[in-house]
Amino acid sequence: MHSMYTSLQLANMLHIQQQGSSVVSVQYLSVDSRRMAFPAATLFVAIDTAQRSGHAFMHDAYQQGVRVFLCQHVPENMMEDAVYLQVPDTLKALQQLAAAHRRQFHCSVVGITGSNGKTIVKEWLYEVLHHDVQIARSPKSYNSQIGVPLSVWLMQPDTQLAIIEAGISQRGEMQALQSIIQPTIGIFTMLGDAHAEGFASVEEKLQEKWRLFQSCKAIICNTDDAAVALMAKKIKVQLLNWGYHDGVWLQLLEIQKETSFAKVDFQYEAAYHSLRFPFADDASIMNAMHVVCYMLYAGYGWEIIQQRIEQLRPLDMRMQWKKGIRHCNLLNDSYSNDFTSLVQAIELLFQPSRNEHRSIVLSDLSVGIGNLGNYQQLLQLLQTKAIHRLVTVGPVWQQVLQQTEMLSFPVHTFMQTSELLAALPNLHFEREDILIKGGRQFALEKVAQHLEAQQHQTVLEIHLPAVQHNLQFYKKHVQPGVKMMAMVKASGYGSGDAEIGRALQFSGVDYLAVAYPDEGVALRQAGIHLPIMVLNTDPPSFDVMEQYNLEPEVYSFELLQALLEWCKQRGVQSWPIHIKIDTGMHRLGFAVDEVPTLLQQLQQQQILQVRSVFTHLVASEDAAADAFTQEQIGLFSNACSLLSDGLGYSFLKHCANTAAILRHPSAHFDMVRLGVGLYGGNTGLQPVMKLYTTVAQVKKVAAGETVGYGRKAELQRPSVIATVRIGYADGYPRQLGNGIGHMWLHGQTAPVVGNVCMDMTMLDVTDLPTVQPGDVIEVFGDHISIQQVASWCHTITYEIMTGISQRVKRVYVEAE
Ligand SMILES: *Cc1c(COP(=O)(O)O)cnc(C)c1O
């Protein structure tokens, strides 16, 4: 059962009086009005950050059913029957509530920190321990000043162990996290590069992180790292350290790595032991060592440790939307199914819509078998949602549903996954957003595979958090008040219109721009209500532009007159337009000396309203052209003055593209137009697009033979050739053939051999003996940058991005 507080109790915990006379019960906390599974039982915490104002979403939260608000200012018209907890600093108050909640528990609390591996160690600990104890843990990687209080809040009366991760980016932050988590056992995963995280020195970073452990009674860490060893010496509590050197608590003797597993030998309490880890990479081995230490400390025997470690898999914890059959979208998490992660997933399902219908496929919960209360509670909560249908797998659900009376949605129950698979054709999923969530033993990924749209196994991953990150990066470089127009032409530089548009609308950009009216229509149909400027219009598209509320760029007298004529005929009034001035690009736009005539024509009419005036810089990225850029800015500025004096009303002025945002602050005017930077096309940003393909076949080919069309590649040695499922029809340029391009697999690069074909490409993997059909290959992403691929082709990233063809499936990663 969930801990429940009344609004009066919450006010007490904060030493304030509530405003409003109702008394409301609260089980959940939310800082994001898009992420509320159960609004009526949620406290909405309005937190203003540099990126967005939480207070601006209070009304939205109210409309969804929230009745208690933690806020810094109360809206002027207090919402009826709502309760307000007004504090000077909502973040502090949130932390205070979580700390008070935490103090009610006397169970073990594991606090995990370190530069890498926090989330995986947390998830693995959960995996090996959840058979035996009720665990509350941080969702995903909620480890920040906001994430930690939300995590701690998940501790419930039946919680026997909490596993909470803590991440910091600067001095002073850990103290706050420590007082919320109050861990009893600490795990320090590893010490990374200090600079990457904003600390002056490694010592400073280490000291700050170890503040988390100040009240721990035991600490798990790897003391092979000299700095960590030094730190560990200073502490008085029980040290559960591991490493190769003598005198550690758990000593490593040897690691023998095979391709897919590792055998690890230990000395522990004067005896020898050995474990088989189901992976062989250093990072996973290190992460698993912390888990082994914890299990030993908790009293597990080596045999059980071996059994449970054997089950660990590198996690793919990203929740991602995939395209399904018949216009369905799938949100698949067939990794775990505890109550907390389920609630999280339901929140994600109910974010602003893709399809109107939302369905859930759910296995028995992986914890609390026999705890039917959890199931009943879940059903009650689902009743408050507009669920299209619920599909359950497992005996417990069957039992629960037999005892349940009317539900507001249809339910299909199955005892086993195989039964559901057989019944799938009859269920006929169509135009539904489907959450698939199940414990691992149910293997619901098979259901997901059946529902996934057919593909040729080449996918372009679009990382939406990276889009947000890149946007914020550029926002920091413009003055507050300067508006942001996001360029989403060419379907978001190839990344897709609807998803990118939604992400941008949410992060508060002011304007969108597309190249053609069709692209604007696609955005409107995806529910985007931001103003949209269309760069390329012509008279046949006026109808559709007007219908979808799209705003044309006007670049010539012909277009201006045609538009005026059309508006007069249709009786259309006050249509916003954007005037393009040509200051040197010589593509579209009014020449500078045409501006006086333009002004006259604009003055003679009342139908069209100039919403903005803009120009495009030719070479803002190029220092050698800075004088020319300044000249363009000057010409533009003059044209704007002439127009605004003559028109007598104000409009937005804009001319800076991505490069100019950083290089030419004098070009910012009222708004900047962010394009390639949003998609990670410059260095220093997060990559948004990652392209992956798979191996179709591997073959041995003798020296002297040739590979591919035209016999371009004669093999100099007996070789192993991997044929992969991407070709120039997918947008992998033909210039990359014959050793120019490389792809990344098995931790290395492999060169393209022979010509790139239409649908396939061959790689020389002679030096990678373990390559197999089905292996996933990075074409570009974390190891091979898109910039690198562009430079191999002597082109710019823009061309590579927008060249990925539409047959390549787009997968949207919502959270890392
Ligand atoms: C494409 C485009 C931009 C964005 O350029 P980036 O270099 O990608 O930032 C800005 N303005 C106009 C008119 C464009 O066509």
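Residues numbered from 1 in each chain as written. Predicted model: local features only at pLDDT ≥ 70, side-chain atom pairs only at ≥ 80, totals over all residues. Heavy atoms only, no water.

What follows concerns the overall build of the protein chain. Within the protein chain one finds 26 helices and 40 strands. A compact globule built from 816 residues would reach a C-alpha radius of gyration of about 28 Å, and the protein chain, at 30 Å, matches this within 12%. Along the three orthogonal principal directions, the C-alpha set of the protein chain runs to about 90 × 85 × 60 Å. The burial tally for the protein chain puts 57% of its 816 residues in the buried class. In the protein chain, of all internal contacts separated by at least 6 residues, the share reaching a separation of at least 24 is 65%. Just so you have it, the protein chain exposes about 34000 Å², and 51% of that area is on carbon and sulfur atoms. In the protein chain, the 61 positive side-chain charges and the 76 negative ones have mean positions that sit 2 Å from each other. (Helix = DSSP H or I, 4+ residues; strand = E, 2+ residues; numbered from the N terminus. Rg over C-alpha atoms; globule rule 2.2 N^0.38 Å. Buried < 20%, exposed > 50% of the residue type's maximum accessible area, 1.4 Å probe, protein only. Contact = heavy atoms within 4.5 Å. Areas by Shrake-Rupley, 256 points an atom, 1.4 Å probe, with all protein chains shown as cover. Lys, Arg positive; Asp, Glu negative; His and termini not counted. Charge placed at Lys NZ, Arg CZ, Asp CG, Glu CD.)

So, about the site of the ligand. All residues in the neighbourhood of the ligand are listed as Met487, Lys489, Tyr493, Leu535, Arg587, His616, Asn657, Thr658, Arg673, Gly675, Val676 and Tyr798. Between Tyr493 and the ligand, the recorded distance is 2.6 Å, taken from a side-chain N or O atom to an oxygen atom. Separating a nitrogen atom of the ligand from a side-chain N or O atom of Arg673 is a distance of 2.8 Å. Considering the ligand on its own, with 390 Å² of exposed area, one finds that the protein chains cover 95% of that surface. Each residue belonging to the shell around the ligand can be placed in one class, and the counts come to five nonpolar, four polar and three charged. (Near = heavy atom within 4 Å. Polar contact = N/O pair within 3.5 Å; in protein donor to acceptor, adjacent residues only side chain to side chain. Nonpolar A, V, L, I, M, F, W, Y, C, P; charged D, E, K, R; others polar.)

On to the sheet that holds strand β4 (residues 42–45). Consider a sheet: its strands pair through backbone hydrogen bonds, and that pairing is either parallel or antiparallel. Taken together, the four strands give an open sheet; going across it, the order is β3-β4-β5-β6, and neighbouring strands pair in parallel fashion. Among the strands making up the open sheet, the edge pair consists of β3 (28–30) and β6 (83–86). Strand-to-strand, the axes of this sheet are offset by a mean angle of 25 degrees, without reference to chain direction. The strands that helix α3 (residues 90–102) touches are β3, β4 and β5 (68–71); relative to β5, the one it contacts most, it runs at about 120 degrees. (Pairing = 2+ DSSP bridges. Axes fitted to C-alpha atoms, helices over the stretch in contact; angles between N-to-C directions.)

A word on the sheet that holds strand β9 (residues 161–165). As summarised here, the arrangement of the nine strands in space is β8-β9-β7-β10-β11-β12-β13-β14-β15, forming an open sheet in which the pairing is mixed. Each having just a single partner strand, β8 (135–137) and β15 (271–277) make up the two edges of the open sheet. Averaged over all pairs of adjacent strands, the angle between strand axes in this sheet comes to 20 degrees, irrespective of strand direction. Pairing analysis gives two bridges linking strand β12 (residues 238–243) to strand β13 (residues 250–257), with the strands arranged parallel. When the sheet's bridge partners are listed, Trp242 is paired in β13 with Leu250.

Every buried residue of helix α13 (residues 395–402) is accounted for by Val396, Trp397, Val400 and Leu401. Viewed end-on, α13 has its buried residues packed into an arc of 125 degrees, placing them on one side of the element. Buried residues belonging to α13 abut β18 (357–363), α12 (372–383), β19 (387–393) and β20 (411–414). (Arc of directions from axis to C-beta.)

This part is about the pairing of strand β22 (residues 459–463). A regular strand carries its side chains on alternate faces of the sheet. The element β22 is largely enclosed, with a buried count of five among its five residues. Residues Val459, Glu461 and His463 line one face of β22 and the alternating positions Leu460 and Ile462 line the opposite face, and both faces are buried. Here β22 runs beside strand β32 (residues 689–701); their pairing, made up of four bridges, is antiparallel. Each bridged residue has a counterpart across the sheet, and for Leu460 the counterpart in β32 is Leu691.

Turning our attention to the nonpolar core. Counting 111 residues, the largest nonpolar core has Leu504, Leu512, Ile579 and Phe780 as its most contacted members. Leave out the neighbours within four places in its chain, and Phe780 touches Leu460, Met689, Lys690, Leu691, Ser785, Ile786, Val789, Ile800 and Ile804. (Core = buried A, V, L, I, M, F, W, Y, C linked by side-chain atoms within 4.5 Å.)

Among the structural elements, Glu123 can be located in helix α4 (residues 118–129). A relative accessible area of 3% means that Glu123 is categorised as buried. There is a polar contact of 3.3 Å between the side chain of Glu123 and the side chain of Lys122. There is a polar contact of 3.0 Å between the side chain of Glu123 and the side chain of Arg137.

Mapped onto the secondary structure, Leu331 falls in strand β17 (residues 329–333). In sequence terms Leu331 and Met758 are 427 residues apart; their C-alpha atoms lie 32 Å from each other.

Of note, Ala490 is a non-glycine position whose phi angle comes to about 50 degrees, a positive value. Of note, Ala490 is situated in helix α17 (residues 489–493). Despite not being glycine, His746 shows a phi value in the positive range, around 50 degrees. Tracing the backbone shows His746 in the loop between β36 (742–745) and β37 (748–751).

Side-chain alternation along β5 places Val68 and Leu70 on one buried face and Phe69 and Cys71 on a second face that is also buried. Pairing of β4 with β5 involves three bridges; the strand directions are parallel. Counterpart to Leu43 in the pairing with β5 is Val68. Examined bridge by bridge, β5 and β6 share four bridges and lie parallel to one another. Note that in β6 the partner of Leu70 across the bridge is Leu85.

Now for the packing of helix α7 (residues 202–210) against helix α8 (residues 226–234). With their axes 11 Å apart at the nearest point, α7 and α8 run at an angle of 45 degrees to one another. Taken together, the axes of α7 and α8 are oblique relative to one another. α8 is crossed by α7, and the crossing has right-handed handedness. Facing α7, whose interface residues are Val202, Leu206, Gln207 and Trp210, α8 presents Ala227, Val228, Met231, Ala232 and Lys234. Residue composition of the contact of α7 with α8, by class: seven nonpolar, one polar and one charged. (Parallel < 35°, antiparallel > 145°, perpendicular 65-115°, else oblique. Left-handed = near helix turned anticlockwise from the far one by under 90°.)

The interhelical angle for the contact between helix α22 (residues 595–603) and helix α23 (residues 626–647), taken along N-to-C directions, is 25 degrees, at an axis separation of 10 Å. When the interaxial angle is binned, α22 and α23 end up roughly parallel. As α22 packs across α23, the resulting crossing turns out to be right-handed. In contact with Val595, Pro596, Leu598, Leu599, Leu602 and Gln603 of α22, α23 contributes Ala639, Leu642, Leu643, Gly646 and Leu647. Residues belonging to the contact of α22 with α23 are distributed by class as follows: nine nonpolar, two polar and no charged.

Let us now look at the packing of aromatic side chains. In the structure shown here, the tally under the stated rule is 21 aromatic pairs. Look at Trp210 and Phe213: their rings are 5.2 Å apart centre to centre, the planes differ by 85 degrees, and that puts the pair in the edge-to-face class. Feature note: the residues Trp249, Phe266, Tyr268 and Trp302 constitute an aromatic cluster, connected by ring pairs. We note Arg67 situated over the ring of Tyr62; from NZ or CZ to the ring centre the distance is 3.8 Å. Of note, Arg389 hangs over the ring of Phe429, and the distance from its end group to the ring centre comes to 4.4 Å. (Phe/Tyr/Trp six-rings, centres within 6.5 Å; stacked < 30°, edge-to-face > 60°. Lys NZ or Arg CZ within 6 Å of the ring centre and 35° of its normal.)

We now examine the environment of Gln134. With respect to the secondary-structure elements, Gln134 resides in the loop between α4 and β8. Judged by relative accessible area, Gln134 falls into the partly exposed class, the value being 21%. C-alpha of Gln134 to C-alpha of Asn287: the two residues are 153 residues apart in sequence and 22 Å apart in space.

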